[in-house]
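Structural characterization, general
These are the residues of each chain, in order.
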Amino acid sequence: MTVILPMVAADAIAIQRQSSQAVQLGIARVMTIEEARDLAEAPGEAWTAKVHDRIVACFGLRETFPGMQAVAWAILSNDVGRSHLRITRFARRRIVTSSLRRIEAIVKADAPAEGTWASLVGLAPAYVLRCFGAAAETHVLHERIREG
């Protein structure tokens, strides 16, 4: 059974992330405890999905302009398996019902699964960002705008 709980910093360090997530915006990275703490405690929300005490995902909405705008983010493990549907539905509910005016995510154009997941959680592809990031790769900006 998949349990979704508020994330703590140690969760983002402990998760065995998918190899495709080892490089972010063209930079190979290992998350520091300070960055993990910032994800867990910054304005917005951060969640951890567990199966039998094994972390299968960390995800959330990090508010860049509190009360107005956020970046949707996710770290998935290779073991996400059957939990994927529950995590996707939970994330979609949080995004669709959020009172924030703008929620966005940037995904690699050559990683179709990333774009599909962004769409499944309620974000629509909006702009192609050519030569974006440290490796000058093509990315796609997905967004959800709450009008009015």
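Attention here is on the structure that accompanies the text. (Residues numbered from 1 in each chain as written. Predicted model: local features only at pLDDT ≥ 70, side-chain atom pairs only at ≥ 80, totals over all residues. Heavy atoms only, no water.)

1. Digging into the overall build of the protein chain
Assigned secondary structure in the protein chain consists of four helices and nine strands. Taken from the N to the C terminus, the helices and strands of the protein chain come in the order β-α-β-β-α-β-β-β-α-β-α-β-β. Compactness check: the protein chain gives a C-alpha radius of gyration of 15 Å against a globular reference of 15 Å for 148 residues, within 12% of the reference. Seen along its three principal axes, the alpha-carbon backbone of the protein chain occupies a region of about 40 × 35 × 30 Å. Looking at the protein chain residue by residue over its 148 residues, the buried ones come to 40%. In the protein chain, 18 side chains carry a positive charge and 15 a negative one; their mean positions are 6 Å apart. (Helix = DSSP H or I, 4+ residues; strand = E, 2+ residues; numbered from the N terminus. Rg over C-alpha atoms; globule rule 2.2 N^0.38 Å. Buried < 20%, exposed > 50% of the residue type's maximum accessible area, 1.4 Å probe, protein only. Lys, Arg positive; Asp, Glu negative; His and termini not counted. Charge placed at Lys NZ, Arg CZ, Asp CG, Glu CD.)

2. Points about unusual backbone geometry
Notably, Cys131 is not glycine yet its phi reads approximately 50 degrees, a positive angle. If you trace the backbone, Cys131 turns up in strand 8 (residues 124-132). You can call Cys131 exposed: its relative accessible area is 58%. In this structure, Ala136 is a non-glycine residue whose phi angle is positive, near 50 degrees.

3. Regarding the nonpolar core
Formed by 23 residues in total, the largest nonpolar core has its most connected members in Ala49, Phe59, Ala72, Ile87, Ile95, Ile103 and Leu123. Elements with a contribution of two residues or more to this core: strand 4 (44-51), strand 5 (54-65), strand 6 (69-76), helix 3 (83-97), strand 7 (102-108) and helix 4 (112-120). When residues no more than four places from it in sequence are discounted, the contact partners of Ile87 are Ile4, Ala49, Val56, Ala57, Phe59, Val80 and Trp117. If you look at the next biggest cluster of nonpolar residues, it comprises twelve residues, including Ala12, Leu39, Trp73 and Ile75. (Core = buried A, V, L, I, M, F, W, Y, C linked by side-chain atoms within 4.5 Å. Contact = heavy atoms within 4.5 Å.)

Honestly, that's just the spatial picture; any functional story needs more than this.
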